[in-house]
Each structure stands twice: as C-alpha cells, then as structure tokens.
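Given next are the chains, with one letter for each unit.
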Amino acid sequence: MSKGKGPLSKLYNVIINSVDVVVPQSMRPFWESPAGPKTVFFWGPLGKWGLVLAGIGDLVKRPPQNVSLNQSGVLATTGLIWSRYSLVIIPKNYSLLAVNLVVFLTQGFLIAKHLKWRSENSKQVVYQHPRSILRFHDSS
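Residue numbers restart at each chain and count upward from 1, following the sequence in its written direction. Restriction of local features to residues with pLDDT of at least 70 applies here, the model being predicted, together with a cutoff of 80 or more for giving and counting side-chain atom pairs; totals for whole chains, interfaces and linings are based on all residues. In computing side-chain values, all of the structure's heavy atoms are included and hydrogens and water are not.

- If you look the protein up in an unreviewed UniProt entry, it shows as Mitochondrial pyruvate carrier from Drosophila mojavensis.
- The UniProt entry for the protein carries this comment under Sequence similarities (unreviewed entry): "Belongs to the mitochondrial pyruvate carrier (MPC) (TC 2.A.105) family."
- UniProt positions are given in the numbering used here, feature names are shortened, and annotations may be inferred rather than shown by experiment. UniProt, in the comment section headed Function (unreviewed entry), describes the protein in these words: "Mediates the uptake of pyruvate into mitochondria."

**Here's the deal with helix H1 (residues 7–20)**
Right, on to step 1. Here H1 spans 20 Å end to end across 14 residues, near enough to the 20 Å set by a 1.5 Å rise per residue.
Right, on to step 2. For the exposure calls, accessible area comes from a 1.4 Å probe over protein chains only, and a residue counts as buried if that area is under 20% of its type's maximum, exposed if over 50%, partly exposed in between. Helix and strand assignments come from DSSP, with helices taken as H or I runs of at least 4 residues and strands as E runs of at least 2, each series counted from the N terminus. Within H1 the residues assigned to the buried category are Ser9, Asn13, Ile16 and Asp20. The buried side chains of H1 occupy one side of the element, clustering within an arc of 70° when seen end-on. Exposed residues pointing more than 90 degrees away from the buried face of H1 are listed as Pro7, Leu8, Lys10 and Val14.
Right, on to step 3. Where H1 is buried, its residues contact helix H2 (28–32). Every helix has an expected span of 1.5 Å times one less than the residues it contains. Here, the arc refers to the directions that run from the helix axis to the C-beta atoms. It only takes one pair of heavy atoms within 4.5 Å for two residues to be counted as in contact.

**Some remarks on the environment of glycine 44**
Right, on to step 1. If you trace the backbone, glycine 44 turns up in helix H3 (residues 40–61).
Right, on to step 2. Given the relative accessible area of 38%, glycine 44 is considered partly exposed.
Right, on to step 3. In this structure the C-alpha to C-alpha distance between glycine 44 and valine 99, which are 55 residues apart in sequence, comes to 10.0 Å.

**Structural notes on the side chain of lysine 38**
Right, on to step 1. If you trace the backbone, lysine 38 turns up in the loop between H2 and H3.
Right, on to step 2. Lysine 38 gets classed as buried once you look at its relative accessible area, which sits at 18%.
Right, on to step 3. Polar contacts, as counted here, are pairs of nitrogen or oxygen atoms within 3.5 Å of one another; within protein the pair requires one atom able to donate a hydrogen and one able to accept it, and residues that are adjacent in sequence qualify only if both atoms are side-chain atoms. Among the polar contacts listed, one links the side chain of lysine 38 to the side chain of glutamate 32, at a separation of 3.4 Å.

**A few points about the pattern of salt bridges**
Right, on to step 1. Whenever Lys or Arg places a side-chain nitrogen within 4 Å of a carboxyl oxygen from Asp or Glu, that contact is recorded as a salt bridge. A full pass over the atoms with the stated rule returns 6 salt bridges.
Right, on to step 2. Across the pair lysine 38 and glutamate 32 runs a salt bridge, and its minimum N-O distance is 3.4 Å.
Right, on to step 3. Connected through salt bridges with shared partners, the residues Asp20, Arg28, Glu32 and Lys38 form a single ionic network.

**Some thoughts on the environment of leucine 59**
Right, on to step 1. Among the structural elements, leucine 59 can be located in helix H3.
Right, on to step 2. When the C-alpha atoms of leucine 59 and glutamine 107 are compared, they prove to be 8.7 Å apart, with 48 residues separating the residues in sequence.
Right, on to step 3. When sequence neighbours within four positions are dropped, the list of residues in contact with leucine 59 reads Thr106, Phe109, Leu110 and Lys113.

**Description of the packing of aromatic side chains**
Right, on to step 1. Aromatic contacts are taken between Phe, Tyr and Trp rings whose centres are within 6.5 Å, Trp giving its six-membered ring; a plane angle under 30 degrees counts as stacked, one over 60 as edge-to-face, and the others as tilted. Using the criterion set out here, one finds 3 aromatic pairs in the structure.
Right, on to step 2. Plain terms: the ring middles of phenylalanine 42 and tryptophan 43 are 4.8 Å apart, the flat faces sit at 90° to each other, and that makes the pair edge-to-face.
Right, on to step 3. A relative accessible area of 43% places tryptophan 43 in the partly exposed class.
Right, on to step 4. Measuring from ring centre to ring centre gives 4.9 Å for tryptophan 82 and tyrosine 85, while their planes differ by 85°; the resulting arrangement is edge-to-face. Here tryptophan 82 and its partner tyrosine 85 are both found in helix H4 (residues 69–88), 3 residues apart, which amounts to about one turn of the helix.
Right, on to step 5. Judged by its relative accessible area of 38%, tryptophan 82 falls in the partly exposed class.

Here you go:
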C-alpha cells in the first residue's frame, strides 16, 4: 500500500484494495510477499522488461553498423550494477536480478554484433567526426 497522499497514490490504493478481495488463497503468499505486486519491487522489474524487448528487437532488426556502442555499453553496465544491487537490498529481488542479467546479455550481444561488423568491414568504412556518419568507399 502506498502511504502517499497524492492522486496517483490514492488511485493505486483503490486498485490494490479492489484486487485484494479477489486474489485466490493459493496466490496469497505471492500477493503478500515483500517483493510482490503490492510493491515497487514487483512493478519496477516488470516495466524494465520493455528494455529487454527493445534490445531483442535491435538484435533482430538493427543493422550492426547502426548499433550505438555508447548506449549499449551503458545499458550493459547498468544491468550489471543493478544485478548486484538486487541481491544486496532487503528483500532480495530476484525478478530485478533476472531482468538486469537479460539486459546485460542482450546489450552484450549487440556490442559483439557491432564489433564483429566493424572488424570485418574496417577497410571499407570511413568514420567521420564530428557527425559520426559511417560512409562506405565506392569501389566502382
């Protein structure tokens, strides 16, 4: 339950209280757990799965030359940092651990995909600074 006094806190409390009466007895331990749906420890990681879906979409559709090493590197690093944090906080949050490990892995694959492309095409690509636009030499 939210202890806030704002309109979103009130709305959250109304929703939780409404759902609370229909939760089956078999689901009560999960519902009442310290990292269950009544807490931010549940909804934070659930929302973060959107980053995972975006990363998987990039793995499938994004050309390797368009992968941002800075962005992927930062996301992979935060995945590792938050993975560690999820085991230090009380209660331990294994759903946060899972989502951050998957963020780290997907971003790591994107980095590897870009670096592989870069090593295979290093003689064909001209890196222009400061616009950071990749251009290919015309071999005709």
